[in-house]
Structure formats: structure tokens, C-alpha cells
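Each chain is listed here by its residues.
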Amino acid sequence: MSSRQTVLILDFGSQYTQLIARRIREQSVYSEIHPYNIGMERIRELAPAAIVLSGGPSSCIEEGAPTISAEIYELGVPVLGICYGAQLTAKLLGGKVEYSEKHEYGRAELAPLKSVDLFEGFEAGEGFEVWMSHGDRVHTLPDGFHLVGKSQNSPAAAFACERRQIYCVQFHPEVAHTPRGSEVVANFLFRIAKLEPTWSMASFVDEAVGTVRAQVGDEGRIICGLSGGVDSSVLASLLHKAIGDRLTCIFVDNGLLRAGEREYVEAVFRDHFHVDLRVIDAADRFLEKLHGETDPERKRKIIGVEFIRIFEEESGSIENAKWLAQGTLYPDVIESVSFKGPSAVIKSHHNVGGLPEDMDLELVEPLRELFKDEVRILGRELGVPEEMVKRQPFPGPGLAVRCLGDLHRTRLDTLREADKIVDDEIRAAGLYDDIWQSFGVLLPVKTVGVMGDQRTYAEVFAIRAVHSVDGMTADWVHLPYELLSKISTRVINEVRGINRVVYDITSKPPGTIEWE
Ligand code: XMP
């Protein structure tokens, strides 16, 4: 992947660093985040076409604050310093940074002072809205630099040395609160660094296919666990494009899948993509192990262990299996290489989470450069059906964490049937794509009802629907009453074992999305 132009982002620990990468990629330019202390040798190796120095929580005038070699400014590569990156640049090149009495947090107005490439398209002297978040300020500019923008509390809110192509801004162009920030980023990329907007998912497919082929050579099979979710599906189709019939996918039917899930995965991968797909019928095995278990975490553990066993057994029986594909995404990679040190647990993809290290398979992770929504775009590029690309997340332990209490086969069937009604009706109402997750939960609570003059005594079904951006926080969805009414009527009329339907109106926090 060396032929593409890469913008190197050196991370000083800002909460916005990922957004810088996003804003650059949105301009069809590839960007990578690395910790600030990777060293000059590695920076030269990466051969960036431009460098961005991120913001960060430290004060560059404090002892031990994160720093870089001033050689960076001698590489002949355009540099954009943002917030901490701007202050550090001023300091390293001979300017003076000082603690400021007047902190600037939140919205501010930045007025470009003269027409420089960075502010092309903006009127000199006319303020535009920016987001500030800093305590220190630049007091004296380094030699050769001049002011190009000021705000009320920062006389040096933007400064530059045009001859050396070094631009520094105190505000954050990468955040949504700087509405015209993308224009500033685009000016840096295209006017100053003269980059070409050539990075696209189509070009990514070609590069990734080439990289996978180079990594796996001419022999050995790649094994890929499929869950039916977006990441593993896109991963499998990318691998299939790269190495065709040397790919074997494993899909474990654990008896905890939603209605039609197994058939759907088979239709897409076996019939549509013609992948060598092994569907392992393991429902009995899982349900036996889970028999009588009602504790949510123990359910998860049992399912995780059983999944690993089956995966090991199966991959052991695949001749010449050499590689294991994993759907690691960029946020996981950044988290693990951040200068703050690897986080305690690097998220493991739930499809293959916790596979033993002695499995003797080498890892292939072709999605490790992508953000989650880029995976969806990639999926479309690869011809993964739109329906699959847009699927709502589904937890690894499946219906086990939605069927509260004992995981009896009949209760799972009841839940499956009622959950399908929720899914069908939400789709029919045109709401599926706008909702993060919508599903049903079966409660081990019996209530009295009356149906056709008969007394009933059956279980309660809860409908759950949430809006969320990342699953970390969530709001319950204000589903139309008519829709709730329709789902309720259908569930009670059509599904045996349920005689009462309730709607969950708990947000996260304090609730969680899943009930267990
Ligand atoms: P909670 O219930 O913690 O869920 O609010 C947040 C997101 O994570 C999913 N989830 C899981 N995914 N294994 C998974 O692979 C699990 O054990 C698990 N538990 C929750 C949940 O569906 C939601 O998207």
C-alpha cells in the first residue's frame, strides 16, 4: 500500500484525533494515526505526503510534556498543527508559549487576517465559528512565522510560515462545532499539500486484495468465522475476492439465532458469493450446555467456550488451514497503539473472540485500517447485499441474552417467532434503518389473561427499540402507538406462550440495550 498518498496524524492524546482522520478521509485522502513518539525513522519509513499534529490534554511548557523531534519540520512535508500541535510547533521552532489567564473553551470566532491558502474561500477580517479548547497560548511566534488569524482570547489563533508550509491553528477544524472546518482541512490537503483526492473504497478494495494476496502467498486456506453481522460478512467477501476458493467460512448454528438467520447467511454466502461455507449444526450441543443456566454472565461464558471448541475442531479438520481472518477495525487498532498505552482489553471481535493463541493459525486482518461506517461502504463496493450491509447489530450470545431465564427450546422458539413480528413490522413501517437496534425479549414472568373466554396464564414479551450512535449510550425510540398496537396484537394472536406485551422505555444509562 505504499503507492498511495498518506497523511500522517501524530496523536498527542486529543479526544478528537480520530475525527481528524475521518475529516481527511472524507476528502478522499488516506490518513493514518500514530502515537507522537514513533520516532523519526518510522516517520521517514511511512513517507507521509503531509503531517498533522493533533491536539492533546497536556501543556507543552510543562516538564515531561509529549514532544517530537524538530526534524519533522525539515522533511519538506507540509505540517498542520492543531491546538497542542500548534503550541508545540511554536515552542520547538523558537517561539514562546505561556499559560494564559484567559482560557478558551467552546465556541469562538476566528477572523482570518489576510488571504493565505489555509483560509482560501474565507473573507479576511470576517469571523467564522470555531471550537476552542485550550489553556495555554502562543505569546511569541517563531522567526519566519506570521499571524494569519485571531480570536477574542487568542491573538495568535492561527499562524503560519508559508515558505516552509507550516500552518498552525489553535482551534479544532475537525469537530462539528467548527462548521466550516472541512474547508480548512481541504485547503490544507489540496491547496497547500497539493494532494490528489484519489482514496476511495474502490481503490481500497484493489489495495486490500493485493495486500491479502501478498500476505498469504500461493497456498494454504484462510478460515473466517461468519456471524451474519456486517463486519464478518464484508470481511468474508473481501477475502473471497482476494483468494477465491481458498477461503472457508464457518458459521455456527448455536440454536440461539434469530428466525431465518441461518438460511439467510447460507443464501448470501453459498448461493450469492459461492463461498466454501461450513454450517455447523451445534444447537443441541449449546442448549445442552446451557440447560438450567439462568445467570447472564455464565450463559455468555458457556457460549464463548463452546464456540471456541467448535471453531478449533472445525479448523483442525480443514486441510492446509494456515490463516485466520479477523475483523479488527481501526478504532481497535488505534486504541491498542495509542501513546497512552494499550488499553486494558483490546476489543476482540465477537465472531472469533478469545480464540486460543496456540491455534497455530496466522492472522489476516484486512479491515484494520477502516472505521465502522467505511466497512459498510466497502461492503456495498464488494456487492454485499444492501440488506446485509444495513443490518442492526446482534449480540454474539444471540437470543440467550434476550430469553431471560431458562433457555428451553420451546421458549427460544416462542421468542424467535415474536421477535420476527417485531422485525417485520418495524421494517414495514420503514423504521428499520433509522433504529440502532430493535428486538423482542421474553421474560420468565407469567401473567393472567383472557382469550376467547378462556383464562390464560402465559409469559410476558417486551419490545425494545433504541437509538444510539455507538452502543455506549442509547435512547428508547418513540415508536408510533399504532405500530406498538399492531405488534402487540399480532404477537398475542399469533404466538403461543405469550399473553402480554410491554414496551421498554429505559435509556442507557441507566439500563443497558440488552436485557441481560
Ligand atoms: P449493552 O447491552 O451492553 O449492549 O448496552 C451494547 C451493544 O453491545 C451488544 N452486546 C454484545 N455483543 N457480545 C456481543 O458481541 C455480547 O455479549 C454482547 N452484549 C451486548 C448489544 O447488542 C449492543 O449493540
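Fair warning: this is a prediction, and the values are worked out from it, not measured in the lab. Position labels on residues start from 1 in each chain and follow its written sequence. It should be noted that, the model being predicted, local features are given only for residues of pLDDT at least 70 and side-chain atom pairs only at 80 or more, the latter also being counted only at that level, while totals for whole chains, interfaces and linings use all residues. Water and hydrogen atoms were dropped before computing side-chain values, which therefore reflect all heavy atoms in the structure.

**Details of the pattern of salt bridges**
So, step 1. One side-chain nitrogen of Lys or Arg within 4 Å of one carboxyl oxygen of Asp or Glu is enough to make a salt bridge. Per the stated rule, a full pass over the model turns up 41 salt bridges.
So, step 2. Ionic pairing is found between Glu 207 and Arg 4, a salt bridge with its closest N-O pair at 2.4 Å. With Glu 207 in helix α5 (residues 201-216) and Arg 4 in the segment before β1 (6-11), this pair connects stretches of sequence that are 203 residues apart. Like Glu 207, the residue Arg 4 is buried in the burial classification. Comment: elements are numbered from the N terminus, with helices defined as DSSP H or I runs of at least four residues and strands as E runs of at least two. Each residue's exposure class comes from its accessible area (1.4 Å probe, protein chains only) as a fraction of the maximum for that residue type: buried when under 20%, exposed when over 50%, partly exposed otherwise.

**Notes on the packing of α5 against helix α11 (residues 372-381)**
So, step 1. Axis definition: a line fit to C-alpha positions, over the contact stretch in the case of helices; interaxial angles, taken between N-to-C directions, run 0 to 180 degrees. At a minimum axis distance of 9 Å, the contact between α5 and α11 shows a crossing angle of 80°. As summarised for this structure, α5 and α11 are arranged roughly perpendicular, according to the angle between their axes. Together, Met 201, Ala 202, Phe 204 and Val 205 of α5 and Glu 374, Ile 377, Leu 378 and Glu 381 of α11 make up the contact between the two elements.
So, step 2. Each residue gets one label: Ala, Val, Leu, Ile, Met, Phe, Trp, Tyr, Cys and Pro are nonpolar, Asp, Glu, Lys and Arg are charged, and the others, such as Gly, are polar. The residue makeup of the contact of α5 with α11, split by class, is six nonpolar, no polar and two charged. In what follows, roughly perpendicular refers to angles from 65 to 115 degrees, roughly parallel to angles under 35, roughly antiparallel to angles over 145, and oblique to any angle outside these ranges. Every residue pair with non-hydrogen atoms within 4.5 Å of one another is taken to be in contact.

**Some details on the pairing of strand β16 (residues 454-467)**
So, step 1. Along β16, 10 of the 14 residues are buried, which leaves the element largely enclosed by surrounding structure.
So, step 2. Here 13 bridges tie strand β15 (residues 437-451) to β16, and the two strands are oriented antiparallel to one another. Note on β16: the bridge partner recorded for Val 450 is Arg 455.
So, step 3. Here a strand pair is declared whenever DSSP counts at least two bridges between the two strands. Connecting the antiparallel pair β15 and β16 is a turn made up of two residues, with Gly 452 showing a positive phi of about 55°.
So, step 4. Where β16 meets strand β17 (residues 475-476), two bridges bridge the pair, whose relative direction is antiparallel. The residue bridging His 467 from the neighbouring strand is Asp 475, located in β17.

**Quick look at the packing of aromatic side chains**
Each aromatic ring pair is specified by the distance between its two centres and by the angle formed by the two planes.
So, step 1. The criterion for an aromatic pair is that two Phe, Tyr or Trp rings (for Trp, the six-membered ring) have centres within 6.5 Å, with stacked assigned to planes under 30 degrees apart, edge-to-face to planes over 60 apart and tilted to the rest. Using the criterion set out here, one finds 13 aromatic pairs in the structure.
So, step 2. Here the aromatic rings of Trp 476 and Tyr 503 are separated by 6.1 Å at their centres, their planes lie at 80°, and the arrangement is edge-to-face. Here Trp 476 is found in strand β17, whereas its partner Tyr 503 is found in strand β18 (residues 498-503), with 27 residues between them in sequence.
So, step 3. Above the ring of Tyr 30, the side-chain terminus of Arg 4 is found at 3.4 Å from the ring centroid.
So, step 4. For a Lys NZ or an Arg CZ to count as sitting over a ring, it must be within 6 Å of the ring centre and within 35 degrees of the ring normal. The residue whose ring lies beneath Arg 25 is Tyr 330, and the NZ or CZ to ring-centre distance is 5.0 Å.

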